[in-house]
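Structural characterization, general
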Amino acid sequence: VRIYLKPRVSLIATGDELVACGTKLGRGQIYDSNTPMLLAALKSLAIIPGFVRRIADRKNALKAALSKAIRQSDIVILTGGVSVGDYDHAKEAFEELGVKKVFWKVLQKPGKPVFFGKKGSVLVFGLPGNPASVHACFYQYVYPAIRLLSGHKNFLMRKENIVLKEDIRSDHEKTLFLKARIDRSQKTPRCEALGHQGSHMLSSLCRSQGFIVVPPGNKILKKGQKVLFHYLPEGTDQ
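Each chain carries its own residue numbering, running from 1 in the direction its sequence is written. The predicted origin of the model limits local features to residues at a pLDDT of at least 70 and limits the giving and counting of side-chain atom pairs to 80 or more, whereas totals for whole chains, interfaces and linings rest on all residues. The side-chain values count all of the structure's non-hydrogen atoms but skip hydrogen atoms and water molecules.

Let us now look at the environment of I48. With respect to the element layout, I48 can be found in the loop between α1 (34-44) and β4 (51-55). For the pair I48 and D32, spaced 16 residues apart in sequence, the C-alpha separation works out to 18 Å. Numbering of helices and strands starts at the N terminus; helices are DSSP runs of H or I of at least 4 residues and strands are runs of E of at least 2.

Here the focus is the packing of α1 against helix α4 (residues 131-149). Where α1 contacts α4, the axes come no closer than 11 Å and their chain directions differ by 30 degrees. Here α1 is positioned roughly parallel relative to α4, judged by the angle of their axes. Seen along the crossing, α1 lies across α4 with a hand that is right-handed. Across the interface between the two elements, N34, M37, L38, A41 and L42 of α1 pack against P131, V134, H135, F138, Y139 and I146 of α4. The residue makeup of the contact of α1 with α4, split by class, is nine nonpolar, two polar and no charged. Geometry is summarised by axes, namely lines fitted to C-alpha atoms with helices restricted to the contacting stretch, and by angles between N-to-C directions that run from 0 to 180 degrees. An angle below 35 degrees is read as roughly parallel, one above 145 as roughly antiparallel, one from 65 to 115 as roughly perpendicular, and any other as oblique. Handedness of a helix crossing follows the sense of rotation of the near helix relative to the far helix, less than a right angle counterclockwise being left-handed and clockwise being right-handed. The contact criterion used throughout is that any non-hydrogen atoms of two residues lie within 4.5 Å. When residues are sorted by character, Ala, Val, Leu, Ile, Met, Phe, Trp, Tyr, Cys and Pro go into the nonpolar class, Asp, Glu, Lys and Arg into the charged class, and all the rest, Gly among them, into the polar class.

Time to look at helix α2 (residues 59-71). A helix's residues, less one, multiplied by 1.5 Å, set its expected span. Under the 1.5 Å per step criterion, the end-to-end length of α2 is 18 Å for 13 residues, consistent within 8% with the ideal 18 Å. Every buried residue belonging to α2 is among L62, A65, L66, A69 and I70, and all of these are buried. Within α2, the buried residues cover an arc of 130 degrees as seen down the axis, which keeps them to one side. Opposite the buried face of α2, by more than 90 degrees, sit the exposed residues N60 and R71. Contact partners of the buried residues in α2: β1 (9-14), β4, β5 (75-79), α3 (90-96), β8 (115-119) and β9 (122-127). Type-normalised accessible area, obtained with a 1.4 Å probe on protein chains alone, sets the label of each residue: buried when under 20%, exposed when over 50%, and partly exposed for intermediate values. The directions considered for the arc are those from the helix axis to the C-beta atoms.

This is the structure:
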């Protein structure tokens with residue numbers, strides 16, 4: 001019988017402004033929504049991270065946490081710090097730790113500044129800080145990697161071409177991952193993009209069953225035509 005070890009996963013969130021959910025917010029602070037969201041997503045894959053940290057925007061602190069995570073993990077997930085702001089130290093820390101960049105930045109929305117690299121056999125994912133970006137990038141990139149390392153043959157998100165319920169405008173250069181639901185009240189299922197698509201908005205994540213994938217092109221996808229739909233694991237009815 002062929003068996004697979006569960007991949008060892010570490011999870012690090014960066015940001016001076018982040019505080020644990022339930023803590024009283026101070027001036028300039030926000031709740032760390034990414035860590036509990038990713039912990040829940042990993043739990044659905046039967047993964048309990050062995051190393052979970054929240055790190056301030058200090059390169060040395062981030063570098064120390066990443067170094068420890070890389071030593072004891074098969075997959076490292078970092079949220080925040082991967083863009084080009086004054087306090088975004090992740091890319092520099094990766095380089096100094098010897099993480100070989102595979103790609104950084106993808107023409108997609110949300111989640112453009114996503115990073116993927118490797119150090120030896122360890123996979124390192126640097127996800128943006130905004131929660132909708134983290135959610136999209138996790139399921140498009142990290143989820144397939146975890147399933148592949150766990151021995152699944154069908155490791156990608158389940159895909160289907162589904163009729164649009166309403167018109168959607170594409171972006172001229174970016175692929176869009178629109179949070180969406182499927183209406184099955186009629187004979188032909190129809191998908192519709194949800195409101196509140198901003199990368200900082202959490203409310204639509206609660207209702208989403210997956211993503212409508214809209215290729216770039218600056219055109220209108222018409223109601224009634226078919227589009228590619230990526231199912232979230234918890235959004236399927238199979």
